[in-house]
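Survey of secondary and tertiary structure
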Amino acid sequence: MKEGGLTGGRASASAKRVFIKTYGCQMNVYDSARMFEVLAPLGFLPVEKPDKADLDIFNTCHIREKADEKLFSELGTIRQSKMMNARRGGKMIIAVGGCMAQAEGAEILRRAPFVDLVFGPQNYHLLPELVAQVLRSRGDRVVATDFPAEPKFDHLPETSASQGVTAFLTVQEGCDKFCSFCVVPYTRGAEYSRPVAQVLAEAARAVCSGVREITLLGQNVNAYHGEGPDGRDWGLGDLVRRLAELRGLDRIRYTTSHPHDMDDGLITAHRDVPQLMPFVHLPVQSGATRILSAMNRPYTADAYRRIVDRLRSARSDLALSSDFIVGFPGESDEDFEATIDLVEEIGFAQAFSFKYSPRPGTPAASLCKQIPEYVKSDRLTVLQALLERQQRNFNNGCIGRTLPVLLEKPGRHDGQLVGRSPYLQSVHLVAAERRIGEVIPVQILAASANSLTGSLEESMAG
Ligand code: SAM
Ligand code: SF4
């Protein structure tokens, strides 16, 4: 890469600054962290404001239409900074990565011609070369959206020291399930699992740098089937058991799991592995089997109920969260009622619910019987009221209990820390900052819709 090319002067390597804005899911959060690592050897230092950067990366999401519009509004703002920078003789590179870049690269370049680089989620290990191409080019835009033959993980640098006590670790990517509403198989590509040894090495490095909780990530994380050290495919349950042997790793989580892939190996890991947190995000999408079938989800509503029963028999204190889509094409009032019935029956500690958003190129987008927007909105209001009530009840049910809390960071008030319960609730309490990283018993005194307040058990104070 040309030295000093970014700022237009003779900038030293350390003068280069990169800003990354992350949209969407935890996998994008993980990817953005890795992008910083890929760029660090070139002298790029992270900055927190886009107008202060030489390289602005927007790591996008394409899952719903709203996400697309947010990006274009953000790009409009950064364009002004790029123009001001150019007047001063500098060159600011604007790059769009992630799922929207993969699916809509040409549209992004058409609507935002000042974008210099578009790259897909499987190409960010190439960033050094792509940025160099932009600098060499005379205004040509650079596009990298092919799916490479070799997984990017084989080419990424080793992860550097983690900043906090929790970390994400992508173990599985892509999806072969092709739910009829979803863009992921087109944007992230075919399902791929990282080898066990690679995952263990990354986890060990994280623990060495102070991480106490790892969340294993994948589009369908429980479809994990990575090559084990013994040459056979390991499932997620096997991987969890092995990770639990890492000294210093107190907590293991995984997300997002698919009901179809919830096998005995993983369910028994919930029974046997105390480090595996008793909180599972298990998206059902709908409580109506007819709609599940139209969504190309390979399970019935009753099969989902049975999986929940098996999980709860394995670990009686296990709590659940889920994803729901309302207003999928053809969803009748009865179908929606079936979703409400399922929610009432199972009881969720947390949930994400969305109006169906037709995505170009997906089979459901061209189905007839699209549901009017006002019906979707009404159904979402009803469902969310029920889910919020369940979340509040779950949180209230924690009052008076003593929960193990991983202390994560200082809170907003002096002397306050914020930690997480096993159920991912934020817990606020008074404790010394040096205790960050410890898992301690906390007596829960109060609850709100989204968090808990507690105090250290007497014996643990000080
Ligand atoms: N792989 C996970 C699964 O199968 O449950 C879900 C991953 S997806 C990235 C996250 C959530 O976005 C889905 O569970 C679904 O509820 C929601 N979603 C995906 N496509 C959608 C669409 N077209 N409209 C509305 N919500 C959508
Ligand atoms: Fe999308 Fe999940 Fe379905 Fe895959 S399984 S297509 S990621 S919703």
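That block above? That's the structure.
These remarks concern the structure in this document.

The rules we used
Residues numbered from 1 in each chain as written. Chains lettered and ligands numbered in written order. Predicted model: local features only at pLDDT ≥ 70, side-chain atom pairs only at ≥ 80, totals over all residues. Heavy atoms only, no water. Helix = DSSP H or I, 4+ residues; strand = E, 2+ residues; numbered from the N terminus. Rg over C-alpha atoms; globule rule 2.2 N^0.38 Å. Buried < 20%, exposed > 50% of the residue type's maximum accessible area, 1.4 Å probe, protein only. Contact = heavy atoms within 4.5 Å. Areas by Shrake-Rupley, 256 points an atom, 1.4 Å probe, with all protein chains shown as cover. Lys, Arg positive; Asp, Glu negative; His and termini not counted. Charge placed at Lys NZ, Arg CZ, Asp CG, Glu CD. Salt bridge = Lys/Arg side-chain N within 4 Å of Asp/Glu carboxyl O. Near = heavy atom within 4 Å. Nonpolar A, V, L, I, M, F, W, Y, C, P; charged D, E, K, R; others polar. Pairing = 2+ DSSP bridges. Axes fitted to C-alpha atoms, helices over the stretch in contact; angles between N-to-C directions. Polar contact = N/O pair within 3.5 Å; in protein donor to acceptor, adjacent residues only side chain to side chain. Phe/Tyr/Trp six-rings, centres within 6.5 Å; stacked < 30°, edge-to-face > 60°. Lys NZ or Arg CZ within 6 Å of the ring centre and 35° of its normal.

**Side note on the overall build of the protein**
- Assigned secondary structure in the protein consists of twelve helices and 21 strands.
- Relative to the globule expectation of 23 Å for 462 residues, the C-alpha radius of gyration of the protein, 23 Å, shows essentially globular dimensions.
- Along the three orthogonal principal directions, the C-alpha set of the protein runs to about 65 × 65 × 50 Å.
- Residues classed as buried in the protein amount to 52% of the 462 residues present.
- The contacts of the protein with a sequence gap of at least 6 include a subset with a gap of at least 24, amounting to 72%.
- Of the roughly 20300 Å² that the protein leaves accessible, carbon and sulfur atoms contribute 51%.
- The positive charge centre, built from 54 side chains, and the negative charge centre, built from 56, are 6 Å apart in the protein.

**Some thoughts on the pattern of salt bridges**
- Within this structure, the stated rule accounts for 33 salt bridges.
- Between Glu 37 and Arg 34 there is a salt bridge, with the nearest N and O atoms lying 2.9 Å from each other. Of this pair, Glu 37 and Arg 34 both sit in helix 1 (residues 26-39), three residues apart, which is roughly one turn of that helix. Taken as a pair, Glu 37 and Arg 34 share a single burial class, namely buried.
- The partner of Arg 435 in a salt bridge is Glu 438, and the shortest N-O contact between them spans 3.0 Å.

**As for the site of ligand 2**
- In the vicinity of ligand 2, the residues found are Cys 175, Lys 177, Phe 178, Cys 179, Phe 181, Cys 182, Val 184, Pro 185, Asn 220, His 258 and Arg 297.
- Here the residues of the shell around ligand 2 sort into seven nonpolar, two polar and two charged.

**A few points about the sheet that holds strand 7 (residues 166-170)**
- Spatial ordering of the open sheet is given by 7-10-13, a layout of three strands whose pairing is parallel. Of all strands in the sheet, those with a lone pairing partner are strand 7 and strand 13 (251-255), marking the two edges. Between one strand and the next, the sheet's axes are offset by a mean angle of 25 degrees, whatever the strand orientation.
- Relative to strand 10 (residues 213-217), strand 7 runs parallel, the two sharing five bridges. Looking across to strand 10, one finds that Leu 169 is bridged to Leu 216.
- Its contacts with the sheet place helix 7 (residues 236-243) against strand 10 and strand 13, and it is angled at close to 160 degrees to strand 10.

**Looking at the sheet that holds strand 20 (residues 439-447)**
- Pairing is mixed in the closed barrel, where five strands are placed in the order 17-18-19-21-20. Strand-to-strand twist across the sheet, computed as the mean angle between neighbouring axes with direction ignored, equals 55 degrees.
- With three bridges connecting them, strand 19 (residues 426-430) and strand 21 (residues 451-456) associate as parallel partners. By the bridge assignment for strand 21, Ser 426 is matched with Ser 451.

**Let's talk about the site of ligand 1**
- Taken together, 17 residues form the shell around ligand 1, and within it Gln 219, Gln 285, Arg 297, Asp 323 and Ser 357 come nearest.
- Asn 220 places a side-chain nitrogen or oxygen 3.4 Å from a nitrogen atom of ligand 1.
- With respect to ligand 1, the side chain of Gln 285 contributes an N or O atom lying 2.7 Å from an oxygen atom.
- Notes on ligand 1: free accessible area 570 Å², of which the protein chains cover 90%.
- Contributing elements (two or more residues each) for the shell around ligand 1: strand 15 (319-326) and strand 16 (350-355).
- For the shell around ligand 1, the per-class residue count stands at six nonpolar, six polar and five charged.

**Notes on the side chain of Thr 255**
- Tracing the backbone through its elements, the reader meets Thr 255 in strand 13.
- A relative accessible area of 10% places Thr 255 in the buried class.
- Polar contacts involving the side chain of Thr 255 include one to the side chain of Thr 256, which spans 3.3 Å.

**Notes on the environment of Phe 119**
- Secondary-structure assignment places Phe 119 in strand 5 (residues 117-119).
- Taking C-alpha positions, Phe 119 is 5.4 Å from Thr 145, a pair spaced 26 residues apart along the chain.
- Apart from residues lying up to four places away in sequence, Phe 119 is in contact with Met 35, Ile 57, Ala 95, Val 96, Gly 97, Gly 98, Ala 101, Tyr 124, Leu 127, Leu 130, Ala 144 and Thr 145.

**With respect to the packing of aromatic side chains**
- Enumeration over the complete set of coordinates arrives at seven aromatic pairs.
- Taken together, a centroid distance of 5.5 Å and an interplanar angle of 75 degrees make the contact between Phe 178 and Tyr 186 edge-to-face.
- In this structure Phe 178 comes out as partly exposed when scored by relative accessible area, which is 38%.
- Look at Phe 328 and Tyr 356: their rings are 5.4 Å apart centre to centre, the planes differ by 65 degrees, and that puts the pair in the edge-to-face class. A residue pair is termed long-range when its members are at least 10 positions apart, and Phe 328 in the loop between strand 15 and helix 11 (333-346) and Tyr 356 in the loop between strand 16 and helix 12 (373-396) qualify at 28 residues.
- Looking at Phe 328, the relative accessible area reads 0%, which means it is buried.
- By the ring-pair criterion, three or more aromatic residues cluster together here, those being Phe 181, Phe 328 and Tyr 356.
- Sitting over the face of the ring of Phe 354, Arg 64 holds its NZ or CZ atom 3.6 Å from the ring centroid.
- When the ring centre of Phe 72 is taken as origin, the NZ or CZ atom of Arg 111, which lies over that ring, is 3.7 Å away.

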